[in-house]
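An overview of the molecular structure
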Amino acid sequence: PTVTHFTSLADPSAVGSGHTALTTLMHEAGHAAHFANIKMPSPLFSQERAPTSVAYAELQSMFLDSLVGDAAWRFQYARDREGSPLPFALHEEDVRAKHPYEVFSLRAMLAVPYFEKALYELPDGELSAAAIQALADEVETRIQGGPGGRPLLSVPHLLSDEASCYYHGYVLAEMAVHQTRAFFAARDGVIVDNPRVGPTLRDAYWRPGNSEPFLGLVERLTGKPLTGDSWVATLQQPVDELLEEERAAYAAAAKAANGAAAKAAVDLDMRVTLVDGDEVIADTTEEGDFLAACKKFEGHIRQRFPRAAAA
């Protein structure tokens, strides 16, 4: 059997940390689902080092965390303590505040590998702290149009030898995320709670492990070579047009939820333990069900952070 461990850090008493922690949790769960579903004759096909590429690994995690921003996902899973879904008005406010500026995130991602390339091409005789700072400033200005809110030299991947020449993998992965989402949208119309998505990801992306190259896997699933077209199309979409699509997805999720019977149990065909250090908070083998384990974990959080829970 496969064993995976993943985590997400959050402070329930800090407003806003929940969204970041949720995105991280979904991201790491994507890695866990990927590596847990590799079905090859050797563990070498599921190890993290080469020939496993950064782009291949991060595609799986970034695809899953992309769902956190979808209106349909937010209706179904972003619930308050009384069980009410996140109102569409809040989702609309979020989209209007962020979507017009998403291109800046793309430029910030691109700036990191462009800086790395320029840095490693710099002759040894020209290396100095001042030269590296000046190079970072030049790349930020050229790629981002000016100094970024996150200075290039604060990106931790640039400061760690094990993550050097790594960041371009995020760019390729994000391209593949958008291309994969576009494929599912064209084939099925929906992604959230679509029972066809999981088996497709499992068979095309997960099971081969690193036995096949990243670009080939993306082309096999989506039917076309990897490009940035889907990402660019998303960035170019007018806000009102995007909101019209999101409103329809939110309404469809609400309609589906109203017509579906309440789930009495969730069988993941696995044992799940929720832990804090050495303390086991909930265990599906003892609670009898995943949802029951989640409920116990929720109670633990409320008890541990009473003021945050009462706010």
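Whatever comes next refers back to the structure up there.
Now for a look at the structure at hand. (Residues numbered from 1 in each chain as written. Predicted model: local features only at pLDDT ≥ 70, side-chain atom pairs only at ≥ 80, totals over all residues. Heavy atoms only, no water.)

Moving on: unusual backbone geometry. Residues apart from glycine generally show negative phi values, whereas peptide bonds are mostly found in trans. For the peptide bond that leads from Ala 50 to Pro 51, omega is 10°, which places it in the cis range. Despite not being glycine, Asp 269 has its phi angle at roughly 55°, a positive value. Examined against the element boundaries, Asp 269 turns out to sit in the loop between helix H11 (239-259) and strand E1 (273-276). The class of Asp 269 is exposed, set by a relative accessible area of 73%. (Helix = DSSP H or I, 4+ residues; strand = E, 2+ residues; numbered from the N terminus. Buried < 20%, exposed > 50% of the residue type's maximum accessible area, 1.4 Å probe, protein only.)

Counting residues in each nonpolar core, the largest one holds 58 residues, and the members touching the most others are Leu 59, Phe 115, Leu 201, Tyr 205 and Phe 214. Take this core: its biggest share by element is eight residues, from helix H7 (residues 168-188). Residues within four places of Phe 115 in sequence aside, it is in contact with Ile 132, Leu 135, Ala 136, Val 139, Leu 152, Leu 153 and Leu 158. (Core = buried A, V, L, I, M, F, W, Y, C linked by side-chain atoms within 4.5 Å. Contact = heavy atoms within 4.5 Å.)

Attention shifts here to the packing of helix H5 (residues 102-121) against helix H6 (residues 129-144). Two elements in contact, H5 and H6, have axes separated by 9 Å at closest approach and are oriented at 140°. Here H5 lies oblique to H6, going by the angle between them. As H5 runs across H6, the sense of the crossing is right-handed. Residues Arg 107, Ala 108, Leu 110, Ala 111, Tyr 114, Phe 115, Ala 118 and Leu 119 of H5 pack against Ile 132, Leu 135, Ala 136, Val 139, Arg 142, Ile 143 and Gln 144 of H6. The residue inventory of the contact of H5 with H6, partitioned by class, reads twelve nonpolar, one polar and two charged. (Axes fitted to C-alpha atoms, helices over the stretch in contact; angles between N-to-C directions. Parallel < 35°, antiparallel > 145°, perpendicular 65-115°, else oblique. Left-handed = near helix turned anticlockwise from the far one by under 90°. Nonpolar A, V, L, I, M, F, W, Y, C, P; charged D, E, K, R; others polar.)

Below, the discussion takes up the side chain of His 31. Assignment of secondary structure puts His 31 in helix H1 (residues 17-36). Apart from the residues lying within four places of it in its own chain, the contact partners of His 31 are Ala 57, Glu 58 and Ser 61.

Right, let's talk about the packing of H7 against helix H8 (residues 197-206) for a bit. With their axes 12 Å apart at the nearest point, H7 and H8 run at an angle of 135° to one another. With respect to H8, the element H7 is oriented oblique. Judged by the sense of rotation from one axis to the other, the crossing of H7 with H8 is right-handed. Taking contact as the criterion, the partners of Thr 180, Phe 183, Phe 184 and Arg 187 in H7 are, on H8, Val 197, Thr 200, Leu 201 and Tyr 205.

Pairing between E1 and strand E2 (residues 279-283): four bridges, direction antiparallel. Each bridged residue has a counterpart across the sheet, and for Leu 274 the counterpart in E2 is Ala 282. What sits between E1 and E2 in their antiparallel hairpin is a turn of two residues, with Gly 277 showing a positive phi close to 65°. (Pairing = 2+ DSSP bridges.)

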